[in-house]
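Understanding the architecture of this molecule
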Amino acid sequence: MRNDSRKRVVLTSKEISELFAEAIVTIVLLLLLNVAIVVILSNLVNSAPSLQDAVFQARYIFAENFKTDIFLNGRYILFPLFLLLDGIVLYWRLIRRYRQMQLRHIISELHYIAEGNYDHRIPFELSGDLNRVVTSVNGLVDSTVAAIEDERKIEKSKDELITNVSHDIRTPLTSIIGYLGLIEDRQYHSEEELLKYTHTAYIKAKQMKSLVDDLFEYTKVRQPSNPLHVISFDMVQLIEQLAADFELEANKKGITIQTMANPEQIMMDGDTEKLVRVFSNLLTNAFKYGKNATTIMMDAEKIGTEVVVTVKNNGKMIPKRSLDLLFDRFYRVEESRSQETGGTGLGLAIAQSIVALHGGYIYATSNPEWTAFIIHLPLQANTLVAKHSNS
């Protein structure tokens, strides 16, 4: 297994030999070039007396100005100059070859990762452009691994979706087929018993329709291209109308619905039809799961550039382990998945998707006094909402 700690590139003995051979070849070539330059310069100076005089005058001027005899001897000038230039060229050649070897090591690491070792990262601590390349490659691998994990989660989620849908459809469908089979075989003794069978089949059919409708709505609001019909409306008026619509059902359960607002009018942009679905799902959820609740509060408050709407009830507290999973599709606090006590398990997932379409977010809190669903929505349609509304 490879070590993923950051380290410098360690050259192999073969690569060290290559560097040594490169140095030897470069030194030999530079020496030959130096000799050639000296011979050429000597011939030029010796063949041109005027040039020879000019060189002598220049050397004499330098010697006078710097008060040293070094410039009077050409060897004292040329040899240090050649040595400096040769050192620069040798260093440049060796560094270039070393960079090539580093690049080979990086390519080797890439091949290792490409073979499926996605938990591995290029471990080298480099400098300059190569370090940026290594950082970018490691970042790309991290993104790829994250995408693979997301894909696995999606596949797992799809499997769970199929399992849950199959369970929730099969249960009422079995009852429908069973009771209709009794009717088909005339296994009833009175009209009252016949009506009982048909009524049960009807109730189960409505449960199936509710599941299919919720599943269709959930799929629709999850589509990026799902359009929002954005209009300007008063959020306070909307929640007051919802409270009035659910008042009869609340009275039957001995629950009082109250509304509060600050200020008394909160104008905002949004798709009222979809937002009504959000609050309807939250109120229905409170009726079903807010055991022993006597009050449901709907509170709207304008804070900065957003409106915060809280729908809470004073029923039984939701356990912490369930609170973190409330917005998962098909999740129910009661684990029996009985459709007598629960719905399809898609209501809160639909609500979350609609709120997200509006550029907001929703979360839940629960304590012995209140279980609250808190929604944050922008007052004005942002670019995300505009994109949906124009699609």
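What counts and what doesn't
Residues numbered from 1 in each chain as written. Predicted model: local features only at pLDDT ≥ 70, side-chain atom pairs only at ≥ 80, totals over all residues. Heavy atoms only, no water. UniProt positions renumbered as here; feature names shortened; annotations may be inferred. Patch = residues over 30% accessible without salt bridge, like charges linked within 9 Å, V, L, I, M, F, W, Y side chains within 5 Å. Areas by Shrake-Rupley, 256 points an atom, 1.4 Å probe, with all protein chains shown as cover. Salt bridge = Lys/Arg side-chain N within 4 Å of Asp/Glu carboxyl O. Helix = DSSP H or I, 4+ residues; strand = E, 2+ residues; numbered from the N terminus. Buried < 20%, exposed > 50% of the residue type's maximum accessible area, 1.4 Å probe, protein only. Pairing = 2+ DSSP bridges. Expected span 1.5 Å × (residues − 1). Axes fitted to C-alpha atoms, helices over the stretch in contact; angles between N-to-C directions. Contact = heavy atoms within 4.5 Å.

The protein chain carries the name histidine kinase in an unreviewed UniProt entry, which gives Enterococcus camelliae as its organism. The heading Catalytic activity (unreviewed entry) in the UniProt record of the protein chain holds the text "ATP + protein L-histidine = ADP + protein N-phospho-L-histidine."

1. What about a nonpolar patch on the surface?
The grouping of Phe20, Ile24, Val25, Val28, Leu29 and Leu32 at the surface amounts to a nonpolar patch, some 590 Å² of accessible area in total. Along the polypeptide, Leu29 turns up in helix α1 (residues 13-47). Look at Leu29 and you get exposed, because its relative accessible area is 52%.

2. With respect to unusual backbone geometry
Residue Pro263 is bonded to the preceding Asn262 through a cis peptide linkage, with omega at 0 degrees. On the secondary structure map, Pro263 appears in the loop between β2 (256-262) and β3 (267-270). In this structure, Arg186 takes a positive phi of about 55 degrees despite not being glycine. Relative to the assigned elements, Arg186 resides in the loop between α4 (129-184) and α5 (191-221). Notably, Asn292 is not glycine yet its phi reads approximately 65 degrees, a positive angle. On the accessibility criterion, Asn292 (73% relative accessible area) is exposed.

3. A look at the pairing of strand β4 (residues 295-303)
Inspection of the sheet shows β2 paired to β4 by seven bridges, in the parallel sense. In the sheet register, Gln258 faces β4, and the bridge partner there is Met297. Sheet topology places β4 next to strand β5 (residues 306-313); eight bridges connect them, and they run antiparallel. Bridge pairing links Ala300 to Val309 in β5. Hairpin geometry of β4 and β5 is characterised by an intervening segment of two residues between the two adjacent antiparallel strands and by a positive phi of about 65 degrees at Gly304.

4. Regarding helix α8 (residues 272-289)
Taking 1.5 Å of rise per residue, the 18 residues of α8 would be expected to cover 26 Å, and the 25 Å separating its terminal C-alpha atoms lies within 8% of that figure. All of the buried residues in α8 are Lys274, Leu275, Val278, Phe279, Ser280, Asn281, Leu282, Leu283, Asn285, Ala286 and Phe287.

5. Concerning the sheet that holds β5
The strand order across the open sheet formed by five strands is β2-β4-β5-β7-β6, and the pairing between neighbours is mixed. Only two strands of the sheet have a single partner each, and these edge strands are β2 and β6 (361-366). Taking each pair of neighbouring strands and ignoring which way they run, the sheet shows an average axis angle of 15 degrees. Pairing of β5 with strand β7 (residues 371-378), which is carried by eight bridges, proceeds in the antiparallel orientation. Within the sheet, the bridge partner assigned to Thr310 lies in β7 and is Ile374. Where helix α6 (residues 235-245) meets the sheet, its contacts fall on β2, β4, β5 and β7, and the angle it forms with β2 comes to roughly 175 degrees. Across the sheet, helix α10 (residues 347-357) is in contact with β6 and β7; its angle to β7 comes to roughly 25 degrees.

6. So, α10
The element α10 is extensively covered by neighbouring structure, given that eight of its 11 residues are classed as buried. Residue Gly359 follows α10 closely and has a positive phi angle near 80 degrees.

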